[in-house]
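Descriptive structure summary
Listed below are the residues making up each chain.
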Amino acid sequence: MVRLCFRAVRTYKINSEKAKAVQHISRIKRFSHLNYTKMGSSRHYAIEYEDFHPNINESSTDVNLDTGELKEGFKQTLRTGTEKLLKNLEKEEDYWMKYDDYSIYTGTAGIAFMFYQYGKCFNKPDYIDRAMKLLKRCIDKFKSKREITFLTGTVGPLALNAVVLYSQGHHEEAHKMISGIKSLSSVVLNENSSIPDELLYGRAGYLYALLFLNANISPPPIQDDLIKQVIALMIKSGNIYSASRKYNTPLMYVWHDSEYLGGAHGLAGILYILLQAQQYLTKSQLEKDIKPALKFLQHLQYPSGNFPSSIGSTSDRLVHWCHGAPGMTMLFCLAHKVYQDENYLKTAIQCGDVVWSRGLLRKGNGICHGVAGNAYTFLCLFQVTKDLKYLHRASKFAQWCLSPHLERIPDRPYSLFEGLSGTIYFLIDMQHPLSAKFPAYTI
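Residues numbered from 1 in each chain as written. Predicted model: local features only at pLDDT ≥ 70, side-chain atom pairs only at ≥ 80, totals over all residues. Heavy atoms only, no water.

Moving on, we come to the pattern of salt bridges. Enumeration according to the criterion identifies 16 salt bridges in this entry. Linking Lys75 and Glu69 is a salt bridge whose minimum nitrogen-to-oxygen distance equals 3.9 Å. The closest approach of N and O atoms between Lys236 and Glu191, which form a salt bridge, is 2.9 Å. Pair noted here: Lys236 is in helix 11 (residues 224-245) and Glu191 is in the loop between helix 9 (185-188) and helix 10 (203-216), with a separation of 45 residues, a long-range link. On the accessibility criterion, Lys236 (37% relative accessible area) is partly exposed. (Salt bridge = Lys/Arg side-chain N within 4 Å of Asp/Glu carboxyl O. Helix = DSSP H or I, 4+ residues; strand = E, 2+ residues; numbered from the N terminus. Buried < 20%, exposed > 50% of the residue type's maximum accessible area, 1.4 Å probe, protein only.)

Printed below as a string of structure tokens:
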């Protein structure tokens, strides 16, 4: 709020741009109805919900202890809350349609992703139509046609639009989108380029798009050979960099001069996408490259259960999907499934405990670095363990997302990864917890 006030005054006084100042003021008004409490210095709110235990009172949980599912009353609360937030977002269409950002991450393509999810899950074809229209606009207006990732590049709107079009029977148009994605493979496979390997801006983000297409279109439109080439180059790149730094791991990566470890830019995100491509991996890649890298990563875990954001960091502060325990949970749950090693599940459970205690972030309810993104930790653990504790924890984080709290207002307050669309996406997934998937990360 303070930041928005400052922006409004600075814009008007220094730049003499009254229209922009008014825009900032209108954003302040949009959020001023919330019943804010005083902001503290901590990065997160203290958890005040009762954790799940064998003798928990029925009234203290949203889980039906007999059926192991969410209570009908809470399901209705989720549905009503989702619809209310969706209406709030739709009221602000004039604002978010002015985004000069057409990405999945913070742009209008991400809002389209949420519309598609809502339309698909609740049989609302009008929202699927809206998603297609928005995605066409995003593809037409995307400034750089050579940005190669699902989250931040033109590949995201192309891949998502292909899936939506194909689901509606527009197969020829869908394959035009897919051809556009394939045409970028020469850029991705250029070993002399400056393309990194991480998820947001690098090859892992391109690989995700290929896997996303094959998972959602039948028969799979992407040839095995292309996927294997991308994987081979990512592993080769990690081998070369790790050897150059003499790390005790066959895989390590760098982005902007930092050796990040988390989901968005780091080793965990890269390993997670690679493991989701298990059917395309060789035995050597699984055993000699990825498995030792997982072990190396495990040894970096703090006693708290959290992880550092990068090599050399000693700060146990960040508990986000992008940096810290939440993104690690998904990786080690998947590693447990692939390698059948209980030690990986133990690591994931430790991550879940730190997210429960420190995951109600003051940054807000977004996906990338907010409460909604952190809640996927519990949905992932519930899917793997079927332990009702994790469904209970996820429900409490959902309850938090439906309640007003003091939070920082992001630059893209309606977007998928920073703002309201991401909160809505999570609440949609919360209504189908066993099939929930973290968007643009879990295939």
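On to the environment of Leu78. Inspection of the secondary structure assignment puts Leu78 in helix 3 (residues 72-91). For Leu78, a relative accessible area of 0% translates into the label buried. Remark: the alpha-carbon pair of Leu78 and Ser395, spanning 317 residues in sequence, is separated by 9.4 Å. When sequence neighbours within four positions are dropped, the list of residues in contact with Leu78 reads Leu70, Ala398, Leu402, Leu427, Met430 and Gln431. (Contact = heavy atoms within 4.5 Å.)

Turning next to the side chain of Asn161. Within the secondary structure, Asn161 is located in helix 7 (residues 155-167). On the basis of relative accessible area, Asn161 is assigned to the buried category, the value being 4%. Beyond its immediate stretch of four places on either side in the chain, Asn161 contacts Met132, Leu135, Lys136, Ile139 and Met177.

Right, let's talk about helix 16 (residues 371-385) for a bit. Taking 1.5 Å of rise per residue, the 15 residues of helix 16 would be expected to cover 21 Å, and the 22 Å separating its terminal C-alpha atoms lies within 8% of that figure. Most of helix 16 sits inside the fold, with twelve of its 15 residues counted as buried. Burial in helix 16 covers these residues: Val371, Ala372, Gly373, Asn374, Ala375, Tyr376, Thr377, Phe378, Leu379, Cys380, Leu381 and Phe382. Buried positions along helix 16 lie against helix 14 (325-339), helix 15 (342-358), helix 17 (388-401) and helix 18 (420-430). Following helix 16 by one or two positions, Lys386 adopts a phi angle in the positive range, close to 60°. (Expected span 1.5 Å × (residues − 1).)

Low pLDDT means the predicted atomic positions in that stretch should not be read closely. On average, residues of the protein chain score 91 in pLDDT, and 91% of them are at 70 or above. The low-confidence segment residues 1-22 (pLDDT under 50) makes 28 contacts with residues lying over four places distant or belonging to another chain. (pLDDT = per-residue confidence, 0-100.)

Bringing unusual backbone geometry into the picture now. Following Ser218, the chain continues into Pro219 via a peptide bond in cis, with omega recorded as 0°. With respect to the helices and strands, Pro219 occurs in the loop between helix 10 and helix 11. Positive phi, close to 60°, is recorded for Lys246, a residue that is not glycine. Here Lys246 shows up in the loop between helix 11 and helix 12 (267-276). For His256, which is not a glycine, the phi torsion comes out positive at approximately 50°.

We now examine the environment of Glu83. By the element assignment, Glu83 lies in helix 3. Classification of Glu83 as partly exposed rests on a relative accessible area of 29%. Considered as a pair, Glu83 and Leu427 are 344 residues apart in the sequence and their alpha carbons are 9.9 Å apart.

The geometry of an aromatic ring pair is captured by two quantities: the separation of the ring centres and the angle between the planes. Applying the stated rule across the entire model yields 31 aromatic pairs. Aromatic ring contacts, followed pair by pair, group Tyr105, Tyr272, Trp321, Tyr376, Phe417, Phe426, Phe438 and Tyr441 into a single cluster. Arg362 extends its terminal NZ or CZ atom over the ring of Tyr45, reaching a point 4.1 Å from the ring centre. (Phe/Tyr/Trp six-rings, centres within 6.5 Å; stacked < 30°, edge-to-face > 60°. Lys NZ or Arg CZ within 6 Å of the ring centre and 35° of its normal.)

On to the side chain of Thr106. Tracing the chain through its elements places Thr106 in the loop between helix 4 (93-96) and helix 5 (108-121). A relative accessible area of 10% places Thr106 in the buried class. The contacts of Thr106, once residues within four sequence positions are left out, are Tyr99, Asp101, Arg412, Ser415 and Glu418.

Here we come to helix 5. End to end, helix 5 covers 20 Å across 14 residues, agreeing with the expected 20 Å (1.5 Å per residue, within 8%). Extensive coverage of helix 5 is indicated by the burial of twelve of its 14 residues. Every buried residue of helix 5 is listed here: Thr108, Ala109, Gly110, Ile111, Ala112, Phe113, Met114, Phe115, Tyr116, Gln117, Tyr118 and Gly119. The first or second residue beyond helix 5 is Asn123, which carries a positive phi of 55°.

Under the defined criterion, the tally for this structure stands at zero disulfides. Not part of a disulfide, Cys322 finds its nearest cysteine sulfur in Cys368, a span of 3.7 Å. Between Cys380, a cysteine without a disulfide, and Cys333, which holds the nearest cysteine sulfur, the sulfur-to-sulfur distance is 3.7 Å. Looking at Cys380, the relative accessible area reads 12%, which means it is buried. (Disulfide = S-S within 2.5 Å.)

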